[in-house]
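Architecture at a glance
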Amino acid sequence: RRPPRSTPKPSSAASDVYKRQIKVAASVAPPKKKNVLVQNMWNFICGGLAGMCATCTIQPLDMVKTRMQLKSEARTAKMSTLGTAIDLFKTEGGLVGFYKGLGSALMRQVVYATLRMGIFYSVLDVAKDKYNHPLNPLEKAGASLCVGAIAAMAANPFDLALIRFQADGTLPVNERRNYKNFADALVKIIKSEGFFNLWRGATPAVTRAMAINLGMLAPYEECKARLKKVWGDSYPTYIASSFLAGFLAAFLGLPFDNAKTKMQKMKAGADGKMPYKGFFDCLAKTLKNEGFLRYWVGFSIFYVRVGTHAMLILLFTDLLKYLIVGRKQSISQPYNLISLE
């Protein structure tokens, strides 16, 4: 038999290299896991702050839009946007009148924008980071529908107070509610109408939110993908996509916004009955008394309002994340209006 071969011993130099490699590998710390709770918390905080900043910017447009819808209900002849704005300036004490109900509008954004943006961005984060499954446009549209419904239902009491503030100036002096602030409005509504009436008009409000979210998300991404082939990854691509998404959101959401405004503003008549029995009754009576096209009364101002708000809230969200969280990119790349990927 042949003697077994002896394994050659490594040289001292090779042994030293091997030992150094072991030390380096042991000294390298494992990568830190993302703190999902903190990351999601900033999604909610930045979303709420962005919503408040955008609302302060477009509040005058929202005031004009609401007045135009109420004039349509009263079948007032003077329906132009400029005419409504001039009338509002004269009757509500100048520029201050355009910000009537701002407190309620901001409180609504504290709830609505915080939940809407926070949940949506967190869903994108979890899907991408934890499950390595970035949502496709259909899944994002479904997520936007769900978060719109949840946020609108939670924020309806403040939305109701806002509409009451904006509509008060259109009522006769002896019928005005004269709320002092949003807290006073909520307390008086509970006392005179009951706690659950804080959700009056919730059905059109939720439907409106779902329609607007659906119009904003999937069309925005589809338009952006197509325009990139023409204009590349540039600011015109994102701005044009945002305007188109705003147009579709306004077109889909305005009929429901119209019904929501009327239902939240309505008061019982002399016979003790409400003008509308419910959401579908409001839509039916609008069609019968005002005509089909009056579903979209004030569309120009509503488009400017919704489109501007959509662009501002997305831009402010990215900016706040950059300033506060220190990230140069937003959580969702499709909405990155700062670095443009």
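Described in the following lines is the structure provided in the data block. (Residues numbered from 1 in each chain as written. Predicted model: local features only at pLDDT ≥ 70, side-chain atom pairs only at ≥ 80, totals over all residues. Heavy atoms only, no water.)

**Details of the environment of Lys273**
Put simply, the rule reads: Helix and strand definitions follow DSSP, with helices as H or I runs of at least four residues and strands as E runs of at least two, each counted in order from the N terminus. Burial classes follow relative accessibility: with a 1.4 Å probe on protein chains only, a residue under 20% of its type's maximum area counts as buried, one over 50% as exposed, and anything between as partly exposed. We call two residues in contact when some of their heavy atoms are within 4.5 Å.
Checked against the element boundaries, Lys273 lands in the loop between helix H8 (235-265) and helix H9 (279-290). The class of Lys273 is exposed, set by a relative accessible area of 59%. The contacts of Lys273, once residues within four sequence positions are left out, are Lys267 and Ala268.

**Points about unusual backbone geometry**
Despite not being glycine, Asn132 shows a phi value in the positive range, around 50°. Mapped onto the elements of the fold, Asn132 is located in the loop between helix H4 (102-130) and helix H5 (137-167).

**Details of the environment of Glu290**
We apply this condition: N or O atoms within 3.5 Å of each other form a polar contact, as long as, within protein, one can give a hydrogen and the other can take it, and as long as residues adjacent in sequence are counted only when both atoms are side-chain atoms.
Counting through the fold element by element, Glu290 comes out in helix H9. A polar side-chain atom of Glu290 sits 2.6 Å from a polar atom in the side chain of Lys262.

**Quick word on the environment of Ile189**
Inspection of the secondary structure assignment puts Ile189 in helix H6 (residues 182-193). C-alpha of Ile189 to C-alpha of Ala161: the two residues are 28 residues apart in sequence and 8.6 Å apart in space. Discounting residues that sit within four places of it in the chain, Ile189 has contacts with Leu160, Arg164, Tyr179, Gly194, Asn197 and Leu198.

**A closer look at the side chain of Arg200**
In this structure, Arg200 sits in the loop between H6 and helix H7 (202-231). Since its relative accessible area comes to 11%, Arg200 is described here as buried. A distance of 3.4 Å separates a polar atom in the side chain of Arg200 from a polar atom in the side chain of Glu193. Not counting residues up to four positions away in its chain, the partners in contact with Arg200 are Asn156, Leu160, Arg164, Glu193, Met263, Gln264, Met266 and Met274.

**Describing H9**
As a reminder, the rule being used: One fewer than the residue count of a helix, multiplied by 1.5 Å, yields its expected span. In this description, the arc belongs to the directions extending from the helix axis to the C-beta atoms.
Its 12 residues place the ends of H9 16 Å apart at the C-alpha level, agreeing with the 16 Å of an ideal helix rising 1.5 Å per residue. Among the residues of H9, Phe279, Cys282, Leu283, Thr286 and Glu290 are the ones counted as buried. Down the axis of H9, the smallest arc covering the buried residues is 100°, so these residues share one side. The exposed residues of H9 that point more than 90 degrees off its buried face are Phe280 and Lys288. Gly291 occupies a position one or two residues after H9 and carries a positive phi of about 105°.

**Section: the pattern of salt bridges**
For side chains of opposite charge, pairing can occur when their charged atoms come near one another. How we decide: In the sections that follow, a salt bridge refers to a side-chain nitrogen of Lys or Arg positioned within 4 Å of a carboxyl oxygen of Asp or Glu.
Using the criterion set out here, one finds eight salt bridges in the structure. Across the pair Arg305 and Asp62 runs a salt bridge, and its minimum N-O distance is 2.9 Å. Remark: Asp62 occurs in helix H2 (residues 36-73) and Arg305 occurs in helix H10 (residues 299-325); sequence separation between them is 243 residues. On the accessibility criterion, Arg305 (10% relative accessible area) is buried. Look at Asp62 and you get buried, because its relative accessible area is 4%. Note that Asp257 is salt-bridged to Arg208, the shortest N-O span being 2.5 Å. Of this pair, Asp257 sits in helix H8 while Arg208 sits in helix H7; the two residues are 49 residues apart in sequence, bridging distant segments of the chain. Taken together, the salt bridges that share partners define one network made up of Arg164, Glu193 and Arg200.

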